[in-house]
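So you can see what is in the structure, the chains are spelled out below.
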Amino acid sequence: MQGAGHPGRVSSVRDSPTDGGTQTTAGGAAYSNYCTFNGLIQGPTFKYSNLYVEGDGDTGYYNRVAAGTILLPSTGKFMFEYYCLNSGGTGSPGRRDSIGIYDTSEPNNTYLSNIPNSVSYFSFNGNIVKNLNNEQTGYPVWAIGNTAHCAIDCATGKVWFGVDGTWQGDPAGGTGQATTLTNNGNLVFAQGNVHNVTNAGYDSKGYINFGQIPWKYTAPSGFKALTTAELDTPAIATPSGHMDMTLYTGNDATDRTISPFSFQPDLVWFKARNHTFSHELYDAVRGVTKVVYPDGTNADCTNSSGLTAFTANGFTIDDADGVNDNGKTYVAWAWNMGGSNSNPSGGTISSTVRANTTNGMSIVTWTGTGSAGTVAHGLGAKCQFIVIKQRGTGGGGDGNWVAWHHALTAHSGLGRLVFNTDHNDGDSGSGSVHWNNVKPDANTSTFSLGTSGNVNGNTGTYVAWAFSEKAGFSKFGSYAGNNNNNGATVVTGFAPRYLIIKRTDSTGNWAINDTARDGNETTYGNDASLYVNSNSAETTSSSLNVDFLSNGFKLRSNNASYNGTGTYVYIAFAESPFKYARAI
């Protein structure tokens, strides 16, 4: 390929599915999977192994960021170079190249400098801009023939910029930074075209070097190329030991044991794929045979012919239609929630908890008081997704499943979704009646409840399933839909195994996709969809395609449940952490 940072010569790009060698300040020494641009992003044109980017406002490169493929780890110091090929001037129109860092938890639907917790170094005026505020002015202007640099200390979030080997501030010494970002696990290196409308002549063009070849200018002491070898070692190297799934065909047999897992599940969720039987959910805290139906408002009840045992590596079922009707095909999703119950302190409302702090998942039960209070969840981390179900008829609720996701934005993040319906995030009163005006992620030990009968009515009984993100295993994020078959590309930091998507600004189904039901992708990816809020049989259609990637997923349709013009949240669990991916 043409040399990234060294135009006019052919470069040997060092990229390998296995790790080896030692990084130096010269770059290009180690063997590993190196960062590149994410070539699936709509707008810019990528070439040469996704290390070259160009685009103009009138060809679609506006309100968009060219993002790197690797999430920056929690520690370590990293840099990249951008060799500018843009001969445009500083006026309007003119060159609009910028480099910086992008927070992928924010939608990729505006220019880099307008995105929260992101930063951009403008070529045409030398400004360093973060969320439309000038962090620095008077930095060097750069143009065709110049090499611009960006560096970050991931432990502190400090960011530096430079041109042609001269840095502003002292990256090696850790001083004089241009700005400081919050390293929340969602940051990537980025390039942007500083323009927000369709106009010709506002363009970008250049090569990027993430360290695949030797740096044109020696890196500051301690700074490296970003590769998968440098990523944090995930706490969960094998996700299938914590969340897994299986497919089977019903046979009407009693006392049938299915043993496909490497763990004893505490939560198993069943759905008939080719029939309209309701979803059925069982967990070990409420006890075997106790079923709730995610697509309905029914109280939990005893189903003695449903799931009758959690076994060392699976479960035992009888002949109930929802789990084992003859000739029906089924999927069972299973989670390892901890294995034993406890009664943690810290909440004003007593709770029974089965928690797995390693994978960030817990089951919580309690009896409502009718007075606002707090409930201990046992996660040892902030709760980022929670679903609550009223178990009985006491407490005065209507049986709807109350769900909260930390990426909800309406009503100061205090809204709610309804797991069993397509309801949007539109309840202005939810903050007080459901959450007592305290978001469930306010601390690491409890969540707050109001007095709604669906979460905390007097004498009502309740169950919740609570989750916190664990890098390389789970991700609970959001994205902006674009109503286009070339939809959003979402970085999770792992290859997904299981994915739920829900539109929040308007009504939309809770769509479930996974690699078990559609593991043999044809055109793009997973189009075998089920819906939490519906008992419908599985649907397969190219209009539902979700492309599962080694580091996330991409939307491939304009289906409103996945990728209309709106905002979406998702819940994802991993098949493999990206650190161990064999390709990007």
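So, how was this worked out
- Residues numbered from 1 in each chain as written.
- Predicted model: local features only at pLDDT ≥ 70, side-chain atom pairs only at ≥ 80, totals over all residues.
- Heavy atoms only, no water.
- Helix = DSSP H or I, 4+ residues; strand = E, 2+ residues; numbered from the N terminus.
- Rg over C-alpha atoms; globule rule 2.2 N^0.38 Å.
- Buried < 20%, exposed > 50% of the residue type's maximum accessible area, 1.4 Å probe, protein only.
- Contact = heavy atoms within 4.5 Å.
- Areas by Shrake-Rupley, 256 points an atom, 1.4 Å probe, with all protein chains shown as cover.
- 1 Å grid on protein atoms, 1.4 Å probe; cavity = no way out; pocket = protein on both sides within 12 Å on 5 of 7 lines; lining within 4 Å.
- Points joined across faces, edges and corners; volume = space filled by probe spheres on them.
- Nonpolar A, V, L, I, M, F, W, Y, C, P; charged D, E, K, R; others polar.
- Pairing = 2+ DSSP bridges.
- Core = buried A, V, L, I, M, F, W, Y, C linked by side-chain atoms within 4.5 Å.
- Phe/Tyr/Trp six-rings, centres within 6.5 Å; stacked < 30°, edge-to-face > 60°.
- Lys NZ or Arg CZ within 6 Å of the ring centre and 35° of its normal.
- Salt bridge = Lys/Arg side-chain N within 4 Å of Asp/Glu carboxyl O.
- pLDDT = per-residue confidence, 0-100.
- Axes fitted to C-alpha atoms, helices over the stretch in contact; angles between N-to-C directions.
- Polar contact = N/O pair within 3.5 Å; in protein donor to acceptor, adjacent residues only side chain to side chain.

Further remarks concern the overall build of the protein chain. When its secondary structure is counted, the protein chain shows three helices and 43 strands. Its C-alpha atoms give the protein chain a radius of gyration of 25 Å, within 12% of the compact-globule value 25 Å for 584 residues. With the C-alpha coordinates aligned to their principal axes, the bounding extent of the protein chain is approximately 75 × 45 × 40 Å. Taken across its 584 residues, the protein chain has 59% of its residues classed as buried. Of the contacts made within the protein chain by residues no fewer than 6 positions apart, 64% connect residues no fewer than 24 positions apart. Split by element, the accessible area of the protein chain, about 19300 Å² in all, is 43% carbon and sulfur.

Following the criterion strictly, the structure yields one cavity of 30 Å³ or more and no others. Looking at the largest cavity, its volume works out to about 160 Å³. Looking at the largest cavity, it is lined by 14 residues, and the ones nearest its centre are Trp269, Trp335, Phe385, Phe419 and Phe467. Grouping the amino acids of the lining of the largest cavity by side-chain chemistry returns 14 nonpolar, no polar and no charged.

Our next topic: the sheet that holds strand S28 (residues 361–367). Within a sheet, each strand pairs with its neighbour through backbone hydrogen bonds, oriented either parallel or antiparallel. Here we have six strands laid out as an open sheet, ordered S27-S28-S34-S30-S31-S32, and antiparallel in their pairing. Single-partner strands in this sheet number two, and they are strand S27 (351–356) and strand S32 (417–418). Relative to S28, S27 runs antiparallel, the two sharing six bridges. If you follow Arg354 over to S28, its bridge partner there is Ile363.

Right, let's get into the nonpolar core. Judged by nonpolar contacts, the single largest core of 54 residues is most densely connected at Trp333, Trp335, Trp366, Trp465, Tyr498 and Phe573. At six residues, the largest contribution of residues to this core is made by strand S34 (residues 461–467). Apart from the residues within four sequence positions on either side, Trp335 is in contact with His242, Met243, Phe263, Pro265, Asp266, Leu267, Trp269, Met361, Tyr498 and Phe573. Within the second largest apolar cluster, 37 residues are counted, among which are Ile128, Ile152, Leu181 and Ile208.

We now examine the packing of aromatic side chains. Applying the stated criterion to the full structure yields 41 aromatic pairs. Measuring from ring centre to ring centre gives 6.0 Å for Trp401 and Phe419, while their planes differ by 40°; the resulting arrangement is tilted. Highlighted residues: Trp401 in the loop between strand S30 (385–390) and strand S31 (402–405) and Phe419 in the loop between S32 and helix H2 (430–433), separated in sequence by 18 residues. Using a relative accessible area of 0% as the deciding quantity, one classes Trp401 as buried. For Phe419, a relative accessible area of 4% corresponds to the buried category. The ring of Phe124 carries Arg96 above its face, with NZ or CZ at 4.2 Å from the centroid.

Turning our attention to the layout of surface pockets. In this model, the second largest pocket occupies a volume close to 330 Å³. When residues of the lining of the second largest pocket are traced back to their parent elements, those giving at least two are strand S35 (474–480) and strand S36 (489–491). Along the lines of polarity and charge, the residues of the lining of the second largest pocket split into 10 nonpolar, 11 polar and three charged.

On to the pattern of salt bridges, then. Pairing between side chains of opposite charge can happen when the charged atoms of each approach one another. What the rule picks out here adds up to 16 salt bridges. In this structure, the salt-bridge partner of Asp325 is Lys328, at a minimum N-O distance of 2.7 Å. For the pair shown, Asp325 and Lys328 are each scored as buried. Connected via shared salt-bridge partners are Arg273, Asp514, Arg517 and Glu538.

Here the focus is the confidence of the model for the protein chain. Mean pLDDT for the protein chain: 90, with 92% of residues reaching 70 or above. When the criterion is pLDDT under 50, residues 1–17 qualifies, and its contacts beyond four places in sequence or with other chains add up to 52 contacts.

Strand order in the open sheet made by the four strands is S18-S26-S20-S21, with antiparallel pairing throughout. Every interior strand has two partners, whereas the edge strands, strand S18 (243–249) and strand S21 (280–283), have only one. Neighbour-to-neighbour, the strand axes of this sheet turn through a mean angle of 15°, independent of strand direction. Where strand S20 (residues 267–272) and strand S26 (residues 329–335) come together, six bridges link them in antiparallel fashion. Each bridged residue has a counterpart across the sheet, and for Leu267 the counterpart in S26 is Trp335.

Okay, the environment of Asp232 next. Mapping Asp232 onto the fold places it in the loop between strand S17 (202–209) and S18. What Asp232 contacts, discounting residues up to four positions off in sequence, is Pro73, Ser74, Thr75 and Lys579. At 2.9 Å, the side chain of Asp232 and the side chain of Ser74 are in polar contact.

With respect to the helices and strands, Ser430 occurs in helix H2. Ser430 sits in the buried class, given a relative accessible area of 1%. Leaving out residues up to four positions away in the same chain, Ser430 has contacts with Leu414, Gly415, Arg416 and Trp435.

Now for the pairing of strand S43 (residues 567–577). The element S43 is extensively covered by neighbouring structure, given that eight of its 11 residues are classed as buried. Where S35 meets S43, seven bridges bridge the pair, whose relative direction is antiparallel. Each residue of the ladder has a partner; that of Lys475, found in S43, is Ala572. Looking at chain direction, strand S37 (residues 494–503) and S43 are connected through nine bridges and run antiparallel. By the bridge assignment, Ile500 is partnered in S43 with Ile571.

The next thing to look at is the environment of Asn146. Mapped onto the elements, Asn146 comes out in the loop between strand S11 (133–136) and strand S12 (147–153). When its relative accessible area of 19% is taken as the criterion, Asn146 is described as buried. Taking the C-alpha atoms as reference points, Asn146 and Asp164, separated by 18 residues in sequence, lie 6.2 Å from one another. Excluding its chain neighbours within four sequence positions, the residues that come into contact with Asn146 are Tyr82, Tyr83, Cys84, Val141, Val163 and Asp164. A polar atom in the side chain of Asn146 sits 2.9 Å from the backbone nitrogen of Ala143. Within the local environment of Asn146, its side chain forms a polar contact with the side chain of Asp164, the two groups lying 2.8 Å apart.

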